[in-house]
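Chain by chain, the residues:
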Amino acid sequence: MPDTPVTSLRFNRLLLTGAAGGLGRELRTRLKRYCETLRLSDVADLGAAAPGEELRPARLEDRAAMVELLQGVDAVVHLGGVSVEAPFEPILQANILGLHNLYEAARLNGVKRVIFASSNHVVGYYRQDEVIDARDPMRPDTLYGVSKAFGESLSRFYWDRYGIETVCVRVGSSFPEPVDRRMLATWMSYDDLERLVMSCLSAPVVGHSIVFGISDNRTKWWDNKYAAHLGYVPQDSSEPFRAAVEARQQSIDLKDPAAIYQGGGFVHAGPFDK
Ligand code: 15L
């Protein structure tokens, strides 16, 4: 965790969905530092509530449960839903119908800001020798990526029509450390994840913004020039891990689409529906 908090702002109640997942478990302890009450939701087991935590299991597909879940929250950090390629049906339920429920719940409860965990797989079919920014057209590499593209469009609609602000965070690869050559470009440390989420929550005005969730890596495919207003300044880099990563993966097959496209191995995932 960063020694000094990213912002001196304190929120009354924040909601974290997908709180039992990999990034959810990481943000659970970190977000608590910035709010009186942290409401946690997931369909998976959330364990026991720590002081200042409220546990609210809820299915994204359940509109009534979502409306209840968003009551009395200042802002939502939405990590919930399917987070890898999968058959279309669960993606449809959680990432499409579920996300619509979340935004309807925000509208009905007057919640004004959502931090939406989008994904780099919205643009996974750009090549690894291209550098893109948030205004380049989407090129999803999976049905999962398509569902995140839907989320970016849905959140833009809720901003234009209802004034609900969203930052779409196109998360790269947020893990304890980069494990392959692709991740030298896509990695984001957990400390930088905290810095980014708190920048998104504390920036005075975000409207509808798109930011790539990456650390200050030397290898760059994604230019965050349109997200400068968020004030996110990554402090970590994949570079200290480079030697170990290159030793582990000395050569790459340049004919393999996973080495050609930014989405990496996701370009091989599926189809599941025969
Ligand atoms: C994602 O969107 C996934 O949720 C995560 O598990 C990683 O695989 C990441 O992308 C990635 O591209 O490395």
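Cut-offs applied
- Residues numbered from 1 in each chain as written.
- Predicted model: local features only at pLDDT ≥ 70, side-chain atom pairs only at ≥ 80, totals over all residues.
- Heavy atoms only, no water.
- Near = heavy atom within 4 Å.
- Polar contact = N/O pair within 3.5 Å; in protein donor to acceptor, adjacent residues only side chain to side chain.
- Nonpolar A, V, L, I, M, F, W, Y, C, P; charged D, E, K, R; others polar.
- Buried < 20%, exposed > 50% of the residue type's maximum accessible area, 1.4 Å probe, protein only.
- Helix = DSSP H or I, 4+ residues; strand = E, 2+ residues; numbered from the N terminus.
- Contact = heavy atoms within 4.5 Å.
- Phe/Tyr/Trp six-rings, centres within 6.5 Å; stacked < 30°, edge-to-face > 60°.
- Lys NZ or Arg CZ within 6 Å of the ring centre and 35° of its normal.
- Pairing = 2+ DSSP bridges.
- Axes fitted to C-alpha atoms, helices over the stretch in contact; angles between N-to-C directions.
- Core = buried A, V, L, I, M, F, W, Y, C linked by side-chain atoms within 4.5 Å.

(A) A look at the site of the ligand. Residues in contact with the ligand, as listed here, are Ser83, Ser119, Asn120, His121, Tyr144, Gly172, Ser173, Phe175, Arg182 and Phe266. A distance of 2.6 Å is found between an oxygen atom of the ligand and a backbone nitrogen or oxygen belonging to serine 83. For the ligand, an oxygen atom lies 2.7 Å from a polar atom in the side chain of tyrosine 144. Broken down by class, the residue content of the shell around the ligand amounts to three nonpolar, six polar and one charged.

(B) Structural detail: helix α1 (residues 22-32). All of the buried residues in α1 are Leu23, Gly24, Leu27, Arg28, Arg30 and Leu31. Tucked into the core, α1 has its buried residues touching β1 (11-17), β2 (35-41), β3 (53-55), β4 (75-78), β7 (165-171) and α6 (190-202).

(C) Examining the environment of phenylalanine 150 more closely. Mapping phenylalanine 150 onto the fold places it in helix α4 (residues 143-162). When the C-alpha atoms of phenylalanine 150 and alanine 134 are compared, they prove to be 15 Å apart, with 16 residues separating the residues in sequence.

(D) Seen up close, the packing of aromatic side chains. Under the counting rule described, the total for this entry stands at nine aromatic pairs. With 5.3 Å between their ring centres and 40° between their planes, tyrosine 103 and tyrosine 158 make a pair best called tilted. Residue tyrosine 103 is located in helix α3 (residues 88-109), and its partner tyrosine 158 is located in helix α4; the two are separated by 55 residues in the primary sequence. Considered together, tyrosine 103 and tyrosine 158 belong to a single accessibility category, that of buried residues. Taking 5.4 Å as the distance between ring centres and 85° as the angle between the ring planes, the aromatic pair formed by phenylalanine 157 and tyrosine 158 counts as edge-to-face. For phenylalanine 157, a relative accessible area of 35% corresponds to the partly exposed category. Of the residues examined, tyrosine 158 reaches a relative accessible area of 2% and is grouped as buried. Linked through ring pairs, Tyr103, Phe157, Tyr158 and Tyr162 together constitute an aromatic cluster. Positioned above the aromatic ring of tyrosine 226 is the side chain of arginine 135, whose terminal nitrogen or guanidinium carbon lies 3.6 Å from the ring centre.

(E) Structural context of the sheet that holds strand β8 (residues 208-213). The seven strands lie next to each other as β3-β2-β1-β4-β5-β7-β8, forming an open sheet whose pairing is parallel. The open sheet has two edge strands, β3 and β8, and neither has a second partner. Averaged over neighbouring strand pairs, the angle between their axes works out to 20° when direction is ignored. Those strands touched by α1 are β1, β2, β3, β4 and β7, and its axis lies near 165° from that of β2. In the packing of α6 onto the sheet, contacts are made with β1, β4, β5 (113-119), β7 and β8, and the angle to β5 comes to roughly 145°.

(F) Summary view of the nonpolar core. If you look at the biggest cluster of nonpolar residues, it comprises 36 residues, and the most contacted ones within it are Leu70, Val76, Leu102 and Tyr103. Among the elements of the structure, α2 (63-69), α3, β5, α4 and β8 are those that each provide at least two residues to this core. Tallying contributions element by element places α3 first for this core, with seven residues. Among residues more than four places away in sequence, those in contact with leucine 70 are Leu15, Arg39, Val76, Leu102, Ala105, Ala106, Asn109 and Val111.

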